[in-house]
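Listed below, chain by chain, are the residues.
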Amino acid sequence: MRRALLLLLLLLTASPTFAETGAPRGWNIAGSKPSDYEIGTAAVAGASGPQAAYIRARPGASKAEFVTLLQSVVADDYAGRRIRLTARLKAENVEGLQLWMRVDDSRDQVSLYYMDGKAISGSRDWREYEVVVDVPLDGKYLAYGFILMGGRGTAWADSFSLARVARDVPVSALRDFLSQRRISGR
Amino acid sequence: MCKLAFVANLLGLSLLGLSMLPALAAPVTEWHFSQSAAGNYEEGEENGGAVRTVRPVLPRPDGYAALTRTYPAENFRGRRIRLAGRLKTEDVENIEIVVSAVSGATADIARLALGEGRSPGTVDWRGYDMVVDIPDGAHRLVVGVQTSGKGTVWVRDFSLEVVDRSVPVTARASRWNMPQSRPENTSFDQ
């Protein structure tokens, strides 16, 4: 079930395997065929600051390909805690935009979480979305980002934030929307 | 990387110090097996360990499996290297040969995916090689193969050598940010 993003995101481990350049500072690009998408930062109405990040499907992009902009951090500050990732997203004519988060533990076991069954399609103005995860006590790395699938439209993202939450906040679903395929850098 | 691999690398260090430029055997006997989700793949060996194998245990394996070796980068940094070896595949969906030069917060990763954009499937023993420039700042070099999806992979006769600048580069590395201590540039304004 989790194969595609497992593959996609294995890069974040201590010996990453796929790579990308041209991402905003502190961020990485990964995907099944990143060259089907343009990724960058630009000024856009409604952003919290001067700029936001975007992923834009190029003309002729395949519906089957996807790409993500992601950041990874060591889990020290979050081990044993329930944490919430929030970010603001804006969609222009997309098919399948998601916020996701990955947790790696000390045995290199990986868990992937998404917005609960609410992949964004169509056009939506800026709104905050979230993913809630339990980080195990032996959590090693966290990774998070936004992923655009479906080969069309533009996804914007801004204001990523990680914060500890109380145990009564429900944890997001572990799931995968994708079938396995080759993952590669541009 | 596991501790064993690290110890093996320390042992390899003295060898590296002695050898100026000749090809350095990168015997697959010493490569370290890993997988992203336990119980999906298994490793094996043939010919007394001269051939290493990786095969899925499950019909639809999760994640990936890798055979890698890590070297201190001091004899390779700022130089052009060639990684060469022989592979055999059976019904393989994805496999690539990887050279990753780790420099603190970043890794420069060059990849050779077999199959030219498609699944390589079944291919008998064949030699492959990659020529890559290693950045000046590299402190660790990870080389190996990584497979995902179905199929069995056989690996043998790998070597790593410094080559002259006249040898053309075959794979351009791209840069990966290693995990940071905390989130940064979260609003993309930097």
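Quick caveat: nothing in here was measured; it's all calculated off a predicted structure. (Residues numbered from 1 in each chain as written. Chains lettered and ligands numbered in written order. Predicted model: local features only at pLDDT ≥ 70, side-chain atom pairs only at ≥ 80, totals over all residues. Heavy atoms only, no water.)

**Student:** What am I meant to see in the overall build of chain A here?
**Tutor:** Tallying secondary structure elements over chain A gives one helix and nine strands in all. Shown N-terminal to C-terminal, the secondary structure of chain A runs as helices and strands in the order α-β-β-β-β-β-β-β-β-β. For chain A, the proportion of its 186 residues judged to be buried stands at 60%. Across chain A, contacts joining residues at least 24 apart in sequence account for 79% of those joining residues at least 6 apart. Entry remark: accessible area of chain A is about 6,800 Å², with carbon and sulfur atoms responsible for 46%. (Helix = DSSP H or I, 4+ residues; strand = E, 2+ residues; numbered from the N terminus. Buried < 20%, exposed > 50% of the residue type's maximum accessible area, 1.4 Å probe, protein only. Contact = heavy atoms within 4.5 Å. Areas by Shrake-Rupley, 256 points an atom, 1.4 Å probe, with all protein chains shown as cover.)

**Student:** What is the right way to read the overall build of chain B from this model?
**Tutor:** Across its full length, chain B holds one helix and 12 strands. Secondary structure elements of chain B, listed N to C terminal, follow the sequence α-β-β-β-β-β-β-β-β-β-β-β-β. In chain B, buried positions account for 53% of the 190 residues. Taking the intrachain contacts of chain B between residues at least 6 apart in sequence as the baseline, contacts between residues at least 24 apart amount to 79%.

**Student:** Please explain the pattern of salt bridges as it appears in this structure.
**Tutor:** When the charged atoms of two side chains lie near each other, side chains of opposite charge can form a pair. Under the criterion given, the structure shown has 18 salt bridges over all chains. In this structure, D104 of chain A engages R102 of chain A in a salt bridge whose closest nitrogen and oxygen atoms are separated by 2.5 Å. Here D104 of chain A matches R102 of chain A in class, with each residue buried. Across the pair R69 of chain B and E30 of chain B runs a salt bridge, and its minimum N-O distance is 3.0 Å. Of this pair, R69 of chain B sits in strand β5 (residues 64-72) while E30 of chain B sits in the loop between β1 (24-25) and β2 (32-35), and the two are 39 residues apart along the sequence. Accessibility expressed as a relative area gives 6% for R69 of chain B, which makes it buried. Ionic contacts of the salt-bridge type, sharing partners, join the residues R82, D134 and R167 of chain A into one network. (Salt bridge = Lys/Arg side-chain N within 4 Å of Asp/Glu carboxyl O.)

**Student:** Whenever I open this one, the environment of E43 of chain B confuses me. Can you help?
**Tutor:** Residues and elements named next belong to chain B. Relative to the assigned elements, E43 resides in strand β3 (residues 41-46). Separated by 111 residues in sequence, E43 and W154 have C-alpha atoms that sit 9.9 Å apart. When neighbours within four sequence positions are excluded, E43 is seen to be in contact with F33, R52 and T53. Polar side-chain contacts of E43 include one of 2.7 Å to the side chain of R52. (Polar contact = N/O pair within 3.5 Å; in protein donor to acceptor, adjacent residues only side chain to side chain.)

**Student:** I tried to follow unusual backbone geometry on my own but got confused; where do I start?
**Tutor:** The general pattern is negative phi for most residues beyond glycine and trans for most peptide bonds. Residue and element names in this part refer to chain B. Its identity is not glycine, yet D91 carries a phi of approximately 55°, on the positive side. Looking at the secondary structure, you find D91 in strand β6 (residues 80-92). Judged by its relative accessible area of 53%, D91 is exposed. The phi dihedral of N185 is positive, around 50°, even though this residue is not glycine. N185 gets classed as buried once you look at its relative accessible area, which sits at 4%.

**Student:** Could you clarify how one ought to interpret the pairing of strand β11 (residues 152-163) of chain B in this entry?
**Tutor:** Taken residue by residue, a regular strand's side chains alternate between the two faces of the sheet. Residues and elements named next belong to chain B. Of all 12 residues in β11, 10 are buried; the element is thus mostly enclosed. Bridge count for β6 against β11 is 10 bridges, and the pairing is antiparallel. Note that in β11 the partner of I81 across the bridge is V162. (Pairing = 2+ DSSP bridges.)

**Student:** Honestly, the packing of aromatic side chains in this entry has me stumped. Any pointers?
**Tutor:** Geometrically, a pair of aromatic rings is defined through the distance of the ring centres and the angle of the planes. Counted according to the given criterion, the structure contains nine aromatic pairs over all chains. Geometrically, the ring pair formed by W27 of chain A and Y144 of chain A is edge-to-face, given 6.1 Å between the ring centres and 85° between the ring planes. One end of the pair, W27 of chain A, is in the loop between α1 (3-9) and β1 (28-31); the other, Y144 of chain A, is in strand β8 (residues 139-148), with 117 residues separating them in the sequence. Across the pair, Y144 of chain A and W27 of chain A agree in class, each one buried. Ring centres of Y54 of chain A and W156 of chain A lie 5.3 Å apart, and the angle between their planes is 55°; on these two criteria the pair is classed as tilted. Of this pair, Y54 of chain A sits in strand β3 (residues 52-57) while W156 of chain A sits in strand β9 (residues 154-164), and the two are 102 residues apart along the sequence. Members of the aromatic cluster, each reached through a chain of ring pairs, are W27, Y144, F146 and F160 of chain A together with F188 of chain B. We note R127 of chain A situated over the ring of Y129 of chain A; from NZ or CZ to the ring centre the distance is 4.3 Å. A cation sits over an aromatic face here: R156 of chain B above W125 of chain B, 5.8 Å from the ring centre. (Phe/Tyr/Trp six-rings, centres within 6.5 Å; stacked < 30°, edge-to-face > 60°. Lys NZ or Arg CZ within 6 Å of the ring centre and 35° of its normal.)

**Student:** Just checking my understanding: could you explain the nonpolar core for this structure?
**Tutor:** Nonpolar side chains tend toward joint burial in soluble globular proteins. If you look at the biggest cluster of nonpolar residues, it comprises 39 residues, and the most contacted ones within it are L99, L142, F146 and F160 of chain A. Secondary-structure elements contributing two or more residues to this core are β2 (37-42), β3, β4 (67-74), β5 (82-105), β7 (120-134), β8 and β9 of chain A. (Core = buried A, V, L, I, M, F, W, Y, C linked by side-chain atoms within 4.5 Å.)

**Student:** Explain the sheet that holds strand β8 (residues 106-113) of chain B to me, please; I cannot follow it from the model alone.
**Tutor:** Strands pair in a sheet through their backbones, by hydrogen bonds, and they do so in one of two ways: parallel or antiparallel. Residue and element names in this part refer to chain B. The strand order β2-β5-β10-β7-β8-β12 describes an open sheet built from six strands, whose pairing is antiparallel. Each edge of the open sheet is held by one strand with a lone partner, namely β2 and β12 (174-177). The average angle at which neighbouring strand axes cross in this sheet is 30°, direction not considered. Bridge analysis of strand β7 (residues 94-103) against strand β10 (residues 140-148) gives nine bridges, and the strand direction is antiparallel. Its bridge partner being in β10, I95 is matched across the sheet by T147. (Axes fitted to C-alpha atoms, helices over the stretch in contact; angles between N-to-C directions.)

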